[in-house]
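Read off the chains here:
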Amino acid sequence: MSQVDDKVRGNVNEAVGNAKQVVGDATDNESLQAEGKGQEVKGQAQQALGDAKEAIGNALENLGNTIKGSGN
């Protein structure tokens, strides 16, 4: 999965998790609140994974450019 996919899925999971928490709060449904919190945390982790993949990709690209530049 690409970093963009991870970030999009992370955003969706965070949003759905937050919505579940709001509904759980409004209905006094502790199970839904907990499920929402779990989904929010999952979304945050997915976004972090996407950020890490992007950082690694950028580092590799910079390394490649440095190697190409040193051949002159």
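Here, every reference points to the structure presented above.
For clarity, every value in this text was computed on a predicted model and none was experimentally measured. (Residues numbered from 1 in each chain as written. Predicted model: local features only at pLDDT ≥ 70, side-chain atom pairs only at ≥ 80, totals over all residues. Heavy atoms only, no water.)

Is there a simple way to think about helix α1 (residues 3-27) in this case?
Helix length check: α1, at 25 residues, gives a terminal C-alpha distance of 36 Å against a target of 36 Å (1.5 Å per residue), a fit within 8%. Listed in full, the buried residues belonging to α1 are Asp6, Gly10, Asn13, Glu14, Gly17, Gln21 and Gly24. Each element contacted by the buried residues of α1 is listed here: α2 (30-70). Positive backbone phi, at 60 degrees, marks Asp28, one or two positions downstream of α1. (Helix = DSSP H or I, 4+ residues; strand = E, 2+ residues; numbered from the N terminus. Expected span 1.5 Å × (residues − 1). Buried < 20%, exposed > 50% of the residue type's maximum accessible area, 1.4 Å probe, protein only. Contact = heavy atoms within 4.5 Å.)

Could you clarify how one ought to interpret the side chain of Gln46 in this entry?
For Gln46, the location among the structural elements is in helix α2. In this structure the side chain of Gln46 is engaged in a polar contact, spanning 2.7 Å, whose partner is the side chain of Asn13. Ignoring sequence-local partners within four residues, the contact set of Gln46 consists of Asp6, Lys7, Arg9, Gly10 and Asn13. (Polar contact = N/O pair within 3.5 Å; in protein donor to acceptor, adjacent residues only side chain to side chain.)

Teacher, can you tell me more about the side chain of Asn13 here?
You can see Asn13 is positioned in helix α1. Reaching out from Asn13, the side chain makes a polar contact with the side chain of Gln39 at a distance of 2.9 Å. Excluding residues that lie within four positions of it along the chain, Asn13 makes contacts with Gln39, Glu40, Lys42, Gly43 and Gln46.

Mind showing me how you'd approach α2 here?
Along an α-helix, residues three or four apart share an orientation, since each turn contains 3.6 residues. With 41 residues, α2 ought to run about 60 Å at 1.5 Å a step, and its terminal C-alpha atoms sit 60 Å apart, in line with that. All of the buried residues along α2 are Gly36, Gln39, Glu40, Gly43, Gln46, Gln47 and Gly50. Check the buried side of α2 and you find it contacts α1. Here α2 starts with a cap whose side-chain oxygen sits 3.1 Å from the backbone nitrogen of Ser31, and that cap is Asn29.

Remember that the coordinates give geometry; whether it matters functionally is a separate question.
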